[in-house]
Amino acid sequence: MAEIILFSDVNGALGVSRYAGPYRLATELRMNGFEVQVIEFFASIGVATIKKIIQVHVDKNTLFVGFSATLWTKYLTDQEMEDTYTSNKKSIRSIIVDSMVSLFPYNDDEMKEIINEIHRNNSKTKIVVGGYKAANSYNTSNINFWILGQGEVATVKLARHLKFDEDLKCISTDWGNILTDKMYPYDSFSTSTIKWHSSDFLFKGENVPIETARGCIFKCSFCAFNLNGKKFGDYTKCKDTLQKELIHNYETYGISEYMISDDTLNDSMKKVEFLYNVITSLPFKINFSAYGRLDVLGANPDMAPMLKEMGLRSVEFGVETMNKKTGKFIGKLGDRDKIIKYLEDLKTQWKDDVYMAAGFIIGLPHEDENSIRETMNWLYQKDNPLSGIQMNRYWYHIPPTLNGTHMEASKLKDAGFQLTPSGWVYENISKIFSDPSAYGYDSTSMPTSQSWKNTYLTTEIAENLEQEFYQDSRARQKNSMSIFQYYNRMRNIGYDHRQIKNLYTDDLVFVKSAIIKKNRIKNNYLGNIL
């Protein structure tokens with residue numbers, strides 16, 4: 001049925017949304033003449049249904065089946081999902097973390113069953129893994145190719161290799177062949193789009209992801225995302241491309257609501273002015289949610305009304321700390337008085353037309369328990385301007401090492417790998433992970449464990465503070481679905497903007513209803529895909 005099949009899902013959280021990655025790759029592959037089928041709900045439907053899908057879509061022409069391993073979590077039944085949200089007083093992020101998987105949402109035996117079904121339909125079909133988790137599990141068997149980093153060029157090169165036997169650069173390992181975006185760099189983002197296809201089976205009024213930029217011009221010390229510290233203007237979509245994409249989506253599918261995929265939508269006034277000119281020139285209005293930077297908004301008073309006029313409906317700020325010294329060490333504002341003033345001013349301007357959420361981290365450099373508690377007490381106040389709150393203990397990413405390769409060091413470096421004390425890694429490494437002692441952390445445990453100790457706190461103390469915060473009946477915003485990552489998921493299961501403000505994960509009636517609404521959409525989709 002298709003030359004290339006890409007499995008994807010964004011499960012774990014209530015509601016429904018799609019991940020942009022596989023649709024970006026599908027667009028690129030179709031532009032190069034390949035037949036592609038993206039299949040949603042991979043982590044939400046179970047092995048038996050996946051096997052039925054494989055029987056329909058994998059045939060003699062299928063070159064490879066790809067797994068978009070970025071945002072899915074482990075497979076949960078409806079009852080398990082309900083119990084997860086109603087039996088534990090935890091942060092939404094902790095709920096997701098508890099169900100995180102290193103690579104696949106199913107166990108090894110179940111994945112073997114899925115892969116065997118693929119090969120029963122076509123023994124020559126290759127198994128390919130890409131996405132963020134691809135660099136986390138090199139030691140997984142039965143994988144033919146791994147694609148690390150931006151995959152547009154590498155994926156097309158692989159497809160041409162399998163169909164036309166064209167040459168392919170890759171790293172040969174005991175666990176499969178690796179392609180990276182340093183081997184196959186992608187430099188056309190500014191003119192790239194996601195071109196939705198009839199086989200995607202978008203439903204009426206669906207909120208979809210759209211990329212306006214990739215990467216972040218900031219380089220916070222705790223963060224290790226790829227493309228951090230990029231130059232201003234790099235990996236930003238050009239005006240004509242973005243405008244045409246928005247118009248095409250509206251005229252073809254009636255799409256006018258988005259989750260904007262951009263690490264920092266408002267990283268500068270210049271960028272907001274650029275987006276404002278594009279969006280307000282459209283012959284229709286759009287609404288969107290996004291991730292923003294509070295200090296940039298505070299320093300540019302004209303920015304807030306522009307964002308609202310553009311269609312901003314939900315935004316989350318990575319405040320992280322309200323401790324000034326900590327802020328300086330991690331690259332954030334940190335000034336408690338300014339943070340409160342900026343948020344209160346925004347609330348006065350935006351009211352409930354734009355929902356504001358903020359994230360905080362327990363365990364950052366040079367912040368003690370008293371400082372954390374001062375922040376918690378402010379969050380408990382009834383007149384707090386935030387509609388959503390996330391407060392979690394500090395997690396740092398332990399980059400996996402590449403073993404089982406016999407390549408020369410120079411070739412690994414050329415492919416984008418860097419040598420660390422633990423071995424060769426492909427991902428970015430945060431400043432804190434690179435030099436823990438410089439930020440007040442005990443360096444003896446950090447390279448191999450998620451347990452840490454810094455000048456004032458330990459992992460155990462941080463976890464206890466997080467638990468205390470989420471078990472307290474105050475600050476109900478910590479359970480809110482108005483946070484930007486979930487806002488569009490709620491819109492997709494039928495809740496309007498005003499209703500979303502009153503949706504909380506501690507409400508069993510809502511949780512049950514959200515699961516039922518997702519299942520209706522999922523079952524309609526499966527009716528089309530099967």
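Residues numbered from 1 in each chain as written. Predicted model: local features only at pLDDT ≥ 70, side-chain atom pairs only at ≥ 80, totals over all residues. Heavy atoms only, no water.

K.L.:
Any chance you could explain the pairing of strand 4 (residues 126-130) here in plain terms?
P.N.:
Along any regular strand the residues' side chains alternate between the sheet's two faces. In terms of burial, strand 4 is largely enclosed, as four of its five residues are buried. In this structure, strand 3 (residues 64-68) lies alongside strand 4, joined through five bridges in parallel fashion. Bridge pairing in strand 4 links Phe67 to Val129. (Buried < 20%, exposed > 50% of the residue type's maximum accessible area, 1.4 Å probe, protein only. Helix = DSSP H or I, 4+ residues; strand = E, 2+ residues; numbered from the N terminus. Pairing = 2+ DSSP bridges.)

K.L.:
Would you explain the side chain of Gln150 in this entry?
P.N.:
Turning to its location among the elements, Gln150 is positioned in the loop between strand 5 (145-148) and helix 6 (152-164). For Gln150, a relative accessible area of 13% puts it in the buried group. Separated by 2.6 Å, the side chains of Gln150 and Arg214 make a polar contact. Apart from residues no more than four positions distant in its own chain, Gln150 is found in contact with Asp181, Tyr186, Arg214, Leu227 and Tyr235. (Polar contact = N/O pair within 3.5 Å; in protein donor to acceptor, adjacent residues only side chain to side chain. Contact = heavy atoms within 4.5 Å.)

K.L.:
Sorry, what's going on with empty space enclosed by the protein here?
P.N.:
Summary: where empty space remains is shown by rolling a probe the size of a single water molecule over the atoms. Here the structure, examined in full by the defined rule, presents five cavities of 30 Å³ or more. By volume, the largest cavity is sized at about 90 Å³. Lining the largest cavity, in full, are Gly292, Arg293, Leu294, Asp295, Gly318, Val319, Lys332, Leu333 and Ile339. Of all elements in the fold, only helix 9 (294-299) and strand 11 (312-320) reach the threshold of two or more residues within the lining of the largest cavity. In terms of residue class, the lining of the largest cavity is made up of four nonpolar, two polar and three charged. Taken as a whole, the second largest cavity holds about 50 Å³ of empty space. Forming the walls of the second largest cavity are Ile210, Thr212, Leu242, Leu246, Ile260, Leu265, Leu275, Ile279 and Ile286. Secondary-structure elements contributing two or more residues to the lining of the second largest cavity are helix 7 (239-253) and helix 8 (269-280). Counted by class, the lining of the second largest cavity contains eight nonpolar, one polar and no charged residues. (1 Å grid on protein atoms, 1.4 Å probe; cavity = no way out; pocket = protein on both sides within 12 Å on 5 of 7 lines; lining within 4 Å. Points joined across faces, edges and corners; volume = space filled by probe spheres on them. Nonpolar A, V, L, I, M, F, W, Y, C, P; charged D, E, K, R; others polar.)

K.L.:
Is there a simple way to think about the environment of Gly66 in this case?
P.N.:
Checked against the element boundaries, Gly66 lands in strand 3. Residue class for Gly66 comes out buried when judged on its relative accessible area of 4%. For the pair formed by Gly66 and Glu28, sequence separation is 38 residues and the distance between their alpha carbons is 14 Å.

K.L.:
Teacher, can you tell me more about the pattern of salt bridges here?
P.N.:
Applying the stated criterion to the full structure yields 28 salt bridges. Between Glu152 and Arg24 there is a salt bridge, with the nearest N and O atoms lying 3.3 Å from each other. Note that Glu152 is positioned in helix 6 and Arg24 in helix 1 (residues 20-31), a separation of 128 residues in sequence. Assessed through its relative accessible area of 3%, Glu152 is described here as buried. Lys324 is the salt-bridge partner of Asp335, the closest N and O atoms lying 3.3 Å from each other. With Asp335 in the loop between helix 11 (324-330) and helix 12 (336-350) and Lys324 in helix 11, this residue pair connects regions lying eleven residues apart in the sequence. Residue classification places Lys324 among the partly exposed positions, given a relative accessible area of 45%. In this structure, a network of salt bridges that share partners links the residues Arg24, Glu28, Glu152, Glu211 and Arg214. (Salt bridge = Lys/Arg side-chain N within 4 Å of Asp/Glu carboxyl O.)

K.L.:
Looking at this structure, I do not really get the packing of aromatic side chains. What am I missing?
P.N.:
Each pair of aromatic rings is reported with the distance of its centres and the angle of its planes. If you walk through the whole model with that rule in mind, you get 21 aromatic pairs. Each ring, one from Tyr380 and one from Phe469, has its centre 5.6 Å from the other, and the planes form 25°; the classification is stacked. Of this pair, Tyr380 sits in helix 13 (residues 369-380) while Phe469 sits in helix 16 (residues 459-471), placing them 89 residues apart in sequence. Pair check on accessibility: Tyr380 and Phe469 agree, each one buried. (Phe/Tyr/Trp six-rings, centres within 6.5 Å; stacked < 30°, edge-to-face > 60°.)

K.L.:
Got a minute to help me understand helix 5 (residues 108-121) in this structure?
P.N.:
Every α-helical turn comprises 3.6 residues, leaving residues that sit three or four positions apart pointing alike. Its 14 residues place the ends of helix 5 20 Å apart at the C-alpha level, agreeing with the 20 Å of an ideal helix rising 1.5 Å per residue. For helix 5, the full list of buried residues reads Met111, Ile114, Ile115, Glu117 and Ile118. All buried residues of helix 5 project into a common sector of 150° when viewed along the axis, lining one side. In helix 5, the exposed positions that point more than 90 degrees away from the buried face belong to Asp108, Asp109 and Arg120. (Expected span 1.5 Å × (residues − 1). Arc of directions from axis to C-beta.)

K.L.:
I'm lost on the packing of helix 13 against helix 16 in this one. Help?
P.N.:
When two helices pack together, their arrangement is captured by the angle between the axes and the distance separating the axes. Remark: helix 13 packs on helix 16, axes separated minimally by 12 Å, with the N-to-C direction vectors making an angle of 15°. The angle between the axes of helix 13 and helix 16 places the two elements in the roughly parallel class. When you trace helix 13 past helix 16, the crossing you get is right-handed. Residues Glu369, Ile372, Arg373, Met376, Leu379 and Tyr380 of helix 13 form the contact with helix 16, whose participating residues are Ile461, Leu465, Glu468 and Phe469. Its residues assigned to classes, the contact of helix 13 with helix 16 comprises seven nonpolar, no polar and three charged. (Axes fitted to C-alpha atoms, helices over the stretch in contact; angles between N-to-C directions. Parallel < 35°, antiparallel > 145°, perpendicular 65-115°, else oblique. Left-handed = near helix turned anticlockwise from the far one by under 90°.)

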